[in-house]
Amino acid sequence: MISFATRQKEAQKKWKALQQSAVPVIYLGTATCGQSAGALKVLDAVKQTLKRKKLKAEIVQVGCIGPCYMEPLMDIRLPGEPRICYSNVTPDAAEKIIESLLIKGNPLAPLAVGHFGDNGHPLTEGIPKFFETPMLKPQTRLVLRNCGLIDPENIDHYLANDGYQGLASALRQKPESVIEIVKEAGLRGRGGAGFPTWRKWEICRGVKADQKYMICNVSEGDPGAFMNRALIESDPHCVIEGLMIGSYAIGASHGYVYINSDYYLAVARLKKAAEQMREYGLLGKNILGSDFDFGLTIKESAGAFVCGEETAQICSIEGRRGMPRSRPPFPAVEGLFGKPTIINNVETLGTLPNILRNGADWYKQFGVKGNHGTKTFSLVGSVRRGGLIEVPLGTKLRQIIYDIGGGSWKKFKGVQTGGPSGGCLSDEFLDIPVEYESMQSAGSIMGSGGMIVLDEDTCVVDLALYFLHFTQKESCGKCSPCRVGTWHMVTILDEITKGQSGPEDLTKLQTLAETAARASLCGLGQTAPNPVLTTLRHFRNEYLEHVQDKYCKSAVCRELVEYIVNPETCNGCQRCKDVCPTDAISGARSELHTIDQLRCIKCKACYEVCRFDPLAGNAIEIKPKRRVS
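Caption draft 1: The pattern of salt bridges, seen in detail. Applying the stated rule across the entire model yields 27 salt bridges. Two residues, lysine 272 and glutamate 153, come together in a salt bridge whose shortest N-O distance is 3.5 Å. You can see lysine 272 sitting in helix α11 (residues 264-279) and its partner glutamate 153 sitting in the loop between β5 (112-115) and α5 (155-160), a full 119 residues away along the chain. Taking relative accessible area as the criterion, glutamate 153 reaches 29% and is therefore assigned partly exposed. Residue aspartate 505 is joined to lysine 508 by a salt bridge in which the shortest nitrogen-to-oxygen separation is 3.8 Å. Pair noted here: aspartate 505 and lysine 508 are both in helix α19 (residues 504-519), with a separation of 3 residues, about one helical turn. A relative accessible area of 9% means that aspartate 505 is categorised as buried.

Caption draft 2: Here's a closer look at the packing of aromatic side chains. The final tally for this structure, using the stated rule, is 12 aromatic pairs. On the numbers, 5.6 Å between centres and 80 degrees between planes, the contact of phenylalanine 116 with phenylalanine 131 is edge-to-face. Note that phenylalanine 116 is positioned in the loop between β5 and α5 and phenylalanine 131 in the loop between β5 and α5, a separation of 15 residues in sequence. The exposure class of phenylalanine 116 is partly exposed, given its relative accessible area of 23%. Look at phenylalanine 131 and you get partly exposed, because its relative accessible area is 32%. Ring geometry for tyrosine 158 and tyrosine 164: centres 5.2 Å apart, planes at 85 degrees, overall edge-to-face. When its relative accessible area of 0% is taken as the criterion, tyrosine 164 is described as buried. Within the aromatic cluster, the residues linked to one another by ring pairs are Phe116, Phe130 and Phe131. Seen from the ring of phenylalanine 116, arginine 83 lies directly overhead, with NZ or CZ sitting 4.9 Å from the centre.

Caption draft 3: Quick peek at the sheet that holds strand β14 (residues 412-417). Taken together, 5 strands build an open sheet; the order of strands is β13-β12-β16-β14-β15 and the sheet is mixed. The sheet is open, and its two edges are formed by β13 (387-392) and β15 (423-426), each paired on a single side. Shown here is a sheet whose adjacent strand axes are inclined to one another by a mean of 30 degrees, direction ignored. The pairing of β14 with β15 spans 4 bridges and is antiparallel. Its bridge partner being in β15, threonine 417 is matched across the sheet by glycine 423. Sitting on the sheet, helix α9 (residues 227-234) is in contact with β12 (374-381), β13 and β16 (450-455), with an inclination near 115 degrees to β12.

The rules we used
Residues numbered from 1 in each chain as written. Predicted model: local features only at pLDDT ≥ 70, side-chain atom pairs only at ≥ 80, totals over all residues. Heavy atoms only, no water. Salt bridge = Lys/Arg side-chain N within 4 Å of Asp/Glu carboxyl O. Helix = DSSP H or I, 4+ residues; strand = E, 2+ residues; numbered from the N terminus. Buried < 20%, exposed > 50% of the residue type's maximum accessible area, 1.4 Å probe, protein only. Phe/Tyr/Trp six-rings, centres within 6.5 Å; stacked < 30°, edge-to-face > 60°. Lys NZ or Arg CZ within 6 Å of the ring centre and 35° of its normal. Pairing = 2+ DSSP bridges. Axes fitted to C-alpha atoms, helices over the stretch in contact; angles between N-to-C directions. Contact = heavy atoms within 4.5 Å.

The structure is reproduced here in structure tokens:
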């Protein structure tokens, strides 16, 4: 068996050879965000161009580096030169860039986003540093330090960048010392609640049992959230290393990664990582020459939202229906198969190698007192620069949305944090720091990291209905407050969006939401009403406009809007007449068209064709109906 030290030296040698390659190296982001934007077509174009032009270059597929709105991202490094990054690359653009840079030595600076080297290179003149661009500069990358920079399917890339040094450090110490380091670092669970990680570990460590388990929770079901998936796709070894550190600390010899089966790429990269670890002796018996034995199971789930809850997840792994149970006993005492079990979030585990490798004092320099470290977010919605970000805890919402995200496309209305279990905050909360306590005091939660920016085109009643409809469908149905309460709340919200409710329904809605929050069995039911409660609290006027005036100023609620033709832009092309299923549109060719409001079923067919057909004039507009009162 080749020793770990030898493996590491060989990995560093290979990494150095890549960095000093005598031929150009082309890096392509092929995580799910990149593939969705067409990265695999770009990859084919790169291969074809190299073959056709008889050029030599090494191709490295990397994960997501963060700015998903720039995907596909392609970087090229010439021998002895800094790596240069290009965004929104198409197959044609890839061919053009390769020909220009590899043959003529012209980097096409106007097309480049940034470079990864030092200033002073003639080749990168006029190109900014990548990590000093507006979206990247305010960020601090600890958990995401390797994302987009290494090949996630190559364990040598991870080893060469201090991979498994955190585990090696942990194994040189007693398990109790590892727990003490995590306690000193102040790491809190990144799954949403912010419970001290060390506390759970200490409880589990103190329970005597012949078998203990550690579970990595990748049941990421929040709409708009993709932090965990992106981290695993881009750096799977850091998560597994964290899982092993935690297992060693609590005395577990087997770990599970519980992951949604539709995370195809993440599952594939996890499995490949596990194979490589077995080959390198990092799974099995006497890991790194210690007495620590560890086995790993990757458990693919059906993706039920409720299985993100600890006890429901344990049921699912055991082969039973995923439903939560009352606690105590807590999983740390009696969990999987009746044995003490710790379930930690992906980001929590991805943070651990950094802490064990660099120490608690190093980690505490990031964040603020009581909220140390960083937090990853998937920044999405009506924001100009969306993607995967990482910021120190204590960063203000305004900095995240405006400095990193570039602000909203239209007038800012609010931000939904914490997914369907979180809350919607208005612009008056833009200057609160992103910390566990401050977010809770504002009525929301940090959650696992979903952050959806809303602008004036978003109707908060419709938004609350969307999230509550999601949690109502995902409810396991075990307890009445959640099962029945969410159903009634969905019904009331639906009637409000149709203009069929009165002011008294807001009181019913509030009462139902507060009751479900207090009486539900598990966290899903207890937090499901949050979108309702926070929108009622911070956007009450919009609710009143719906129930009193039957008016939706965002022109979103279908029954409260009307379709009209703008006489200044209608060119009489008749494309809208052709697609209208109810013959509600009339007008001769080249003359102004009109819409019969009694016949119009608001199917949006005319709006879509008028907006996108090259012959049409984008004249169909959706406007809120006039106020009733």
